Amino acid sequence: MKEYKMRRGETLDERVPDMESYVEEMFGPITETMDYKGSDLYVVGEPSNPVFEKIVAGAVKYSGKKDKLAVEFHERDPTELGPDELEAAGDAVDAKNTFLLEATGRDAKSRRDSLKRSVEDESPDY
């Protein structure tokens, strides 16, 4: 599960006031919820794009801190995809990037840089 921060000065609730509807709009009907760090995340068990097996997404609440977006994309093995499904792969990448950009306000480069900084912060100094 990856967690994403919002842009400075913004909150997840401001960017996505109705997370449940947003997840359904982007990926398909929600089939269940899942507990993650005390927060309920939405599970799309049969996503509308055939490249995905399952998608888990939602807001993770932290006391005293801003909420973060938690997302886990389960993708099918590309060798198992048929020609029509392979064409959907580009749409799957677009859907992921659009979902993350609209929810966090950060583009792919900004999210990558943020993840690099968080890994650097966690590494011990020798």
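See the structure printed just above.
This write-up is about the structure you can find in this document. On a predicted model such as this, the values are computed, not experimentally measured, just so you know.

Cut-offs applied
Residues numbered from 1 in each chain as written. Predicted model: local features only at pLDDT ≥ 70, side-chain atom pairs only at ≥ 80, totals over all residues. Heavy atoms only, no water. Salt bridge = Lys/Arg side-chain N within 4 Å of Asp/Glu carboxyl O. Helix = DSSP H or I, 4+ residues; strand = E, 2+ residues; numbered from the N terminus. Buried < 20%, exposed > 50% of the residue type's maximum accessible area, 1.4 Å probe, protein only. Pairing = 2+ DSSP bridges. Axes fitted to C-alpha atoms, helices over the stretch in contact; angles between N-to-C directions. Contact = heavy atoms within 4.5 Å. Polar contact = N/O pair within 3.5 Å; in protein donor to acceptor, adjacent residues only side chain to side chain.

Turning our attention to the pattern of salt bridges. Evaluated as defined, the whole model comprises 5 salt bridges. One salt bridge in this structure joins Glu3 and Lys37, with 3.0 Å as the shortest N-O distance. Taken as a pair, Glu3 in strand β1 (residues 2-4) and Lys37 in the loop between β2 (32-36) and β3 (39-44) lie far apart in primary sequence, 34 residues in all. By relative accessible area, Glu3 is classed as buried at 17%. The exposed category is assigned to Lys37, whose relative accessible area is 51%. Among the charged side chains, a network of salt bridges with common partners joins Arg7, Glu10 and Arg15.

Turning next to the sheet that holds strand β4 (residues 52-60). Strand order in this open sheet of 5 strands is β1-β5-β4-β3-β2, and the pairing throughout is antiparallel. At either margin of the open sheet sits one strand with a lone partner, and together these are β1 and β2. Between one strand axis and the next, the sheet turns through 25° on average, direction left out of account. Each of β1, β4 and β5 (68-75) is contacted by helix α3 (residues 83-104), which is oriented at about 175° to β5, the strand it contacts most.

Considering the arrangement of structural elements, one finds Arg111 in helix α4 (residues 108-122). As a C-alpha pair, Arg111 and Arg7 span 104 residues in sequence and 9.8 Å in three-dimensional space.

Across the 6 residues of β3, 5 count as buried, placing the element largely inside the fold. In terms of strand pairing, β2 meets β3 through 5 bridges, oriented antiparallel. Across the sheet, the residue bridging to Glu32 is Val43, located in β3. Linking β2 back to β3 in an antiparallel pair, the connection comprises 2 residues, with Lys37 at a positive phi of about 50°. Where β3 meets β4, 3 bridges bridge the pair, whose relative direction is antiparallel. Its bridge partner lying in β4, Val43 is registered against Val56.

In this section: the environment of Lys37. Residues Lys37 and Lys61, 24 residues apart in the sequence, show an inter-C-alpha distance of 8.2 Å. Lys37 has contacts with Glu3, Val60 and Tyr62, leaving out every residue within four places of it along the chain. A polar contact of 3.0 Å, which involves the side chain of Lys37, links it to the side chain of Glu3. Within the local environment of Lys37, its side chain forms a polar contact with the side chain of Tyr62, the two groups lying 3.4 Å apart.

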